[in-house]
Amino acid sequence: MTLEVLADLTMGTVEELKEMVLKQEQDINQMKAMLIQKEDEIRQLRSLLDKYQSVFPVMSPQRYSRSARRKERAQGISAEPQSLRTIQEIIQAKFPEYPKSDR
C-alpha cells in the first residue's frame, strides 16, 4: 500500500471503512459469480469441441490438398433404427453361458 492509501484509511471513519469493505465483498462475490459462469461456458464449449472432433478428422495445414480431401473423409457414428419388436427379441434371447474354466 502506498502512503496515500494508508492516509485515506486512517482518516476515514469506522462507518466509511465498513462501507468500503462491504463494497469490496460485493465486488468479490460478483467476480466469483462471473468466474463460475465463464467456467461453465468453457465446459460447454469443450464438450462441443470434443463432440465435433469425434466426427471430423483433425487436418493439419499441409493436408489440405484436393487429393487428401477426397481420400480422407470424416467418419460419423450411425446405427440402424431398431423397432420395438427387435429390442424385445434381444431382451428375451438366451445366450449360452460358459464357465471360466472352459475359456
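As the structure is a computational prediction, the values presented were derived from the model and not from experiment. (Residues numbered from 1 in each chain as written. Predicted model: local features only at pLDDT ≥ 70, side-chain atom pairs only at ≥ 80, totals over all residues. Heavy atoms only, no water.)

**Here we look at the overall build of the chain**
Stage number 1. Broken down by element type, the chain carries four helices and zero strands.
Stage number 2. The linear arrangement of helices and strands in the chain, starting from the amino end, is α-α-α-α.
Stage number 3. Counting only residues that meet the buried cut, the chain has 2% of its 103 residues in that class.
Stage number 4. Taken as a whole, the chain presents about 10700 Å² of accessible surface, with 57% of it coming from carbon and sulfur. (Helix = DSSP H or I, 4+ residues; strand = E, 2+ residues; numbered from the N terminus. Buried < 20%, exposed > 50% of the residue type's maximum accessible area, 1.4 Å probe, protein only. Areas by Shrake-Rupley, 256 points an atom, 1.4 Å probe, with all protein chains shown as cover.)

**Quick notes on the pattern of salt bridges**
Stage number 1. Summed over the entire model, instances satisfying the criterion amount to two salt bridges.
Stage number 2. A salt bridge links Lys23 to Asp27; its shortest N-O distance comes to 3.5 Å. Pair noted here: Lys23 and Asp27 are both in helix α2 (residues 14-55), with a separation of four residues, about one helical turn.
Stage number 3. According to the relative accessible area criterion, Lys23 is partly exposed, its value standing at 49%. (Salt bridge = Lys/Arg side-chain N within 4 Å of Asp/Glu carboxyl O.)

**Quick notes on a nonpolar patch on the surface**
Stage number 1. Together, Leu45, Leu48, Tyr52, Val55 and Phe56 give the surface a local cluster of nonpolar side chains, amounting to about 470 Å² of exposed area.
Stage number 2. Relative to the elements of secondary structure, Leu48 occurs in helix α2.
Stage number 3. Taking relative accessible area as the criterion, Leu48 reaches 37% and is therefore assigned partly exposed. (Patch = residues over 30% accessible without salt bridge, like charges linked within 9 Å, V, L, I, M, F, W, Y side chains within 5 Å.)

**Some remarks on the confidence of the model for the chain**
Stage number 1. Considering every residue of the chain, the mean pLDDT works out to 76; 57% of them sit at 70 or more.
Stage number 2. Element-level pLDDT for the chain is lowest in helix α3 (residues 66-71), with a mean of 55, against a maximum mean of 92 in α2. (pLDDT = per-residue confidence, 0-100.)

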